[in-house]
Amino acid sequence: MNIEGLLKLALIDPLDARILLAHALKCTRVQLVIRSKDELTPQQVTEVSELLMRRMQGEPIAYLTGEREFYGLRFEVTPDVLIPRPETELLVELAKERLPKGGSALDLGTGSGAISVALAYERRDAKVTATDISDAALAVARRNAAHHAVNVQFVHSDWYANVDGQFDLIVSNPPYIAASDPHLSQGDLRFEPRSALTDGANGMMHIGTLIDGAPAHLTPGGWLLMEHGHDQSAATRALLERAG
Ligand code: GLN
């Protein structure tokens, strides 16, 4: 069997198949074309077939290859962390613009470290702290920080619980999906940590915790930047107003 033959047999999206093949054969997608007639070893065929099968069963590409690009940087991802989403890059953009020179930033629920590592990479002058309640997630985030040679202080914490001091900026992409949302049982979300996606309630619980704790942890004039669901704008605004 050669690469061309395997690609013809794959019952998944052709682009996904090429990504998985290139990953398994440790080559680029261009090399797949150049080497399309090369004979594969039985071991390579087994390895690739296994990946293709897992993809057929819906496993996210990022978990199969163990990586995802975010803000132009390569991030290691495992099933212990949410797969970073392109829309979250906006949070990094907004944080980067608003953080004063030499300022301090806190990323709550950092997961893979996507936000904190990208922000520290873009703003070498900043003091970045990042938390997560999951030790497994913190291990992934630490490796991502080391890989990109950035200085992020990681703290094991349930939101603000183990966080001391005040910050010029707080940023978070909290689990804001309502437990009743049918999307939780569709696509990639089925394979991601449930605790990274939903609060198990109406989706507003952690947003409320972030907002309530912000005044005590922000310097005067500091920023709280959060992602929320497409239908949570009014509820989020109401909580922000209530917290002053
Ligand atoms: N901060 C991480 C991200 O944006 C993880 C967020 C989460 O797990 N809810 O990708």
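Figured I'd write up the structure that's included with this text.

Basis of the calculations
Residues numbered from 1 in each chain as written. Predicted model: local features only at pLDDT ≥ 70, side-chain atom pairs only at ≥ 80, totals over all residues. Heavy atoms only, no water. Helix = DSSP H or I, 4+ residues; strand = E, 2+ residues; numbered from the N terminus. Buried < 20%, exposed > 50% of the residue type's maximum accessible area, 1.4 Å probe, protein only. Near = heavy atom within 4 Å. Polar contact = N/O pair within 3.5 Å; in protein donor to acceptor, adjacent residues only side chain to side chain. Areas by Shrake-Rupley, 256 points an atom, 1.4 Å probe, with all protein chains shown as cover. Nonpolar A, V, L, I, M, F, W, Y, C, P; charged D, E, K, R; others polar. Expected span 1.5 Å × (residues − 1). Arc of directions from axis to C-beta. Contact = heavy atoms within 4.5 Å.

**A closer look at unusual backbone geometry**
Then comes step 1: Residues other than glycine seldom take positive phi values, yet Lys 26 does so here, at roughly 50°.
Then comes step 2: Inspection of the secondary structure puts Lys 26 in the loop between helix 2 (14-24) and helix 3 (29-34).
Then comes step 3: In this structure Lys 26 comes out as exposed when scored by relative accessible area, which is 71%.
Then comes step 4: For Tyr 71, which is not a glycine, the phi torsion comes out positive at approximately 50°.
Then comes step 5: In this fold, Tyr 71 is placed in the loop between strand 1 (67-70) and strand 2 (73-76).
Then comes step 6: Note on Tyr 71: relative accessible area 17%, which makes it buried.

**Topic: the site of the ligand**
Then comes step 1: The local shell around the ligand consists of Leu 82, Pro 84, Thr 88, Gly 109, Thr 110, Gly 111, Ile 115, Asn 173, Pro 174 and Ala 196.
Then comes step 2: Measuring from a nitrogen atom of the ligand, one finds a backbone N or O atom of Gly 109 at 3.1 Å.
Then comes step 3: Measuring from a nitrogen atom of the ligand, one finds a backbone N or O atom of Ala 196 at 2.9 Å.
Then comes step 4: When the ligand sits alone it has 300 Å² of accessible area, and the protein chains cover 96% of it.
Then comes step 5: Among the residues forming the shell around the ligand, the class breakdown is 5 nonpolar, 5 polar and no charged.

**Comments concerning helix 8 (residues 135-147)**
Then comes step 1: Taking 1.5 Å per residue, 13 residues should reach 18 Å; helix 8 reaches 18 Å between its end C-alpha atoms and fits that length.
Then comes step 2: Within helix 8, the full set of buried residues consists of Ala 137, Leu 138, Val 140, Ala 141, Asn 144 and Ala 145. Angular distribution of buried residues about the axis of helix 8 spans 160°; they occupy a single face of the element. In helix 8, the exposed positions that point more than 90 degrees away from the buried face belong to Asp 135 and Ala 146.
Then comes step 3: Packed against the buried residues of helix 8 are strand 2, helix 7 (114-122), strand 4 (127-132) and strand 5 (152-156).
Then comes step 4: Once helix 8 finishes, Ala 149 follows within two positions and takes phi at roughly 50°, a positive value.

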